[in-house]
Amino acid sequence: MNKYIITSLISLIISQIIKYTIEKIKNKMNEITLKLNINSYNDVNDKIKVFHDYIAETNKYDKDKEDGGNSIYHSDTAIGTLFEGESICSGYTDTLAIFLNMLSLDNTRVSTSDHIWNVVNINNKWYHIDLTWDDPIVSTGKDVVIYDYFLITNDELKNKNDDEHNFNEEIY
């Protein structure tokens, strides 16, 4: 077999894997939104909060992946968040971005060298959501959901005065 045929076969296989993964994620997201009865909420903030809480309650932070160790989870992607219950900031952020897209909300991810979180535009105003920091690791191991980084303004985020959430205010 020549290199062209092998390359074409590899490309075809990768394309099929990507299609399968996207379909799997779409199906899981639809399942979750039905389970949470998202469409029964009129207010978009309530819809986001219900999904935020569900993800925080069904996931643990993958400390092994964060520490650069060997993790068996795909926690840096929506696969880890949706199917394995293990996430790091990029997994939380990707999953929330998919949900915000399902709601047809303009959103993006903000990243620094050490962290990533979401911003969403609601009624022509940008709000930050950091699902990672709203799903803290506690010494008891108990699942805790907080709202310190839930739909906060630029000023509120700046007032947190932490080193992880640096962003360009001219963009958001």
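Just so we're clear, the structure is a prediction, and the values are computed from it rather than from any experiment.

A.B. asks: Explanation requested: helix α2 (residues 44-58) in the structure shown.
C.D. replies: Helical geometry: 3.6 residues make up each α-helical turn, so side chains three or four residues apart lie on a common side. Compared with an ideal rise of 1.5 Å per residue, which puts 15 residues at 21 Å, α2 spans 21 Å between its outermost C-alpha atoms and is within 8% of the ideal. For α2, the elements touching its buried residues are α1 (3-35), α4 (78-84), α5 (89-102), β4 (116-122) and β5 (125-129).

A.B. asks: Hey, could you run me through the side chain of Asp62 in this one?
C.D. replies: Relative to the helices and strands, Asp62 is located in the loop between β1 (60-61) and α3 (63-66). Of the side chains with opposite charge, Lys65 lies nearest to the buried Asp62, which makes no salt bridge, at 5.5 Å. At 2.7 Å, the side chain of Asp62 and the side chain of Ser75 are in polar contact. In contact with Asp62, not counting residues within four places along its chain, are Ser71, Tyr73, Ser75, Glu86, Ser87 and Ile88.

A.B. asks: Help me out: how do you make sense of the packing of α2 against α5 in this one?
C.D. replies: Relative placement of two packed helices is described by the angle separating their axes and the distance separating the axes. At their nearest, the axes of α2 and α5 sit 11 Å apart, and the two run at 150° to each other. On the basis of their axis angle, the class for α2 and α5 is roughly antiparallel. Considering how the two elements wind past one another, α2 and α5 form a crossing that is right-handed. Mapping the contact onto sequence places Lys47, Ile48, Phe51 and Ile55 in α2 and Tyr92, Thr95, Leu96, Phe99 and Leu100 in α5. Here the residues of the contact of α2 with α5 sort into 7 nonpolar, 1 polar and 1 charged.

A.B. asks: Explain the pattern of salt bridges here, please?
C.D. replies: Side-chain pairs of opposite charge can arise whenever the charged atoms involved come near each other. For the structure shown, the criterion picks out 5 salt bridges. Put simply, Lys65 and Asp76 hold a salt bridge, and the shortest N to O gap is 3.9 Å. Of this pair, Lys65 sits in helix α3 while Asp76 sits in the loop between α3 and α4, and the two are 11 residues apart along the sequence. Between Asp94 and Arg109 there is a salt bridge; the shortest N-O distance is 2.7 Å. With Asp94 in helix α5 and Arg109 in strand β3 (residues 107-111), the pair connects residues that are 15 residues apart, well separated along the chain. Residue Arg109 is classed as partly exposed on the basis of its relative accessible area of 41%.

A.B. asks: Mind showing me how you'd approach the environment of Ser75 here?
C.D. replies: Relative to the assigned elements, Ser75 resides in the loop between α3 and α4. Sequence spacing of Ser75 and Tyr92 is 17 residues, and the spatial spacing of their C-alpha atoms is 8.4 Å. Residues contacting Ser75, with those up to four places away along its chain left out, are Asp62, Lys65, Gly80, Glu84, Glu86, Ser87, Ile88 and Gly91.

A.B. asks: Just to check I follow, could you spell out the packing of aromatic side chains for this structure?
C.D. replies: Think of a pair of aromatic rings as described by two things: how far the centres are apart, and how the planes are tilted against each other in angle. Taken as a whole, this structure holds 3 aromatic pairs when the rule is applied. Ring centres of Phe51 and Phe99 lie 4.1 Å apart, and the angle between their planes is 5°; on these two criteria the pair is classed as stacked. Linking Phe51 in helix α2 with Phe99 in helix α5, this pair joins segments that are 48 residues apart in sequence. The buried category is assigned to Phe51, whose relative accessible area is 0%. Given a relative accessible area of 1%, Phe99 falls into the buried group.

A.B. asks: Just to check I follow, could you spell out the pairing of β4 for this structure?
C.D. replies: The two faces of a sheet get side chains in turn, since along a regular strand they alternate between them. The buried count for β4 comes to 7 of 7 residues, which makes it a mostly enclosed element. Pairing geometry for β3 and β4, over 5 bridges, is antiparallel. Bridge pairing in β4 links Ser111 to Ile116. Where β3 folds back on β4, the antiparallel hairpin that results is connected by 4 residues. Examined bridge by bridge, β4 and β5 share 5 bridges and lie antiparallel to one another. What sits directly across from Val119, in β5, is His128. Taking the residues between adjacent antiparallel strands as the criterion, β4 and β5 are bridged by 2 residues, where Asn123 takes a positive phi near 55°.

Definitions and cut-offs
Residues numbered from 1 in each chain as written. Predicted model: local features only at pLDDT ≥ 70, side-chain atom pairs only at ≥ 80, totals over all residues. Heavy atoms only, no water. Helix = DSSP H or I, 4+ residues; strand = E, 2+ residues; numbered from the N terminus. Expected span 1.5 Å × (residues − 1). Contact = heavy atoms within 4.5 Å. Buried < 20%, exposed > 50% of the residue type's maximum accessible area, 1.4 Å probe, protein only. Lys, Arg positive; Asp, Glu negative; His and termini not counted. Salt bridge = Lys/Arg side-chain N within 4 Å of Asp/Glu carboxyl O. Polar contact = N/O pair within 3.5 Å; in protein donor to acceptor, adjacent residues only side chain to side chain. Axes fitted to C-alpha atoms, helices over the stretch in contact; angles between N-to-C directions. Parallel < 35°, antiparallel > 145°, perpendicular 65-115°, else oblique. Left-handed = near helix turned anticlockwise from the far one by under 90°. Nonpolar A, V, L, I, M, F, W, Y, C, P; charged D, E, K, R; others polar. Phe/Tyr/Trp six-rings, centres within 6.5 Å; stacked < 30°, edge-to-face > 60°. Pairing = 2+ DSSP bridges.

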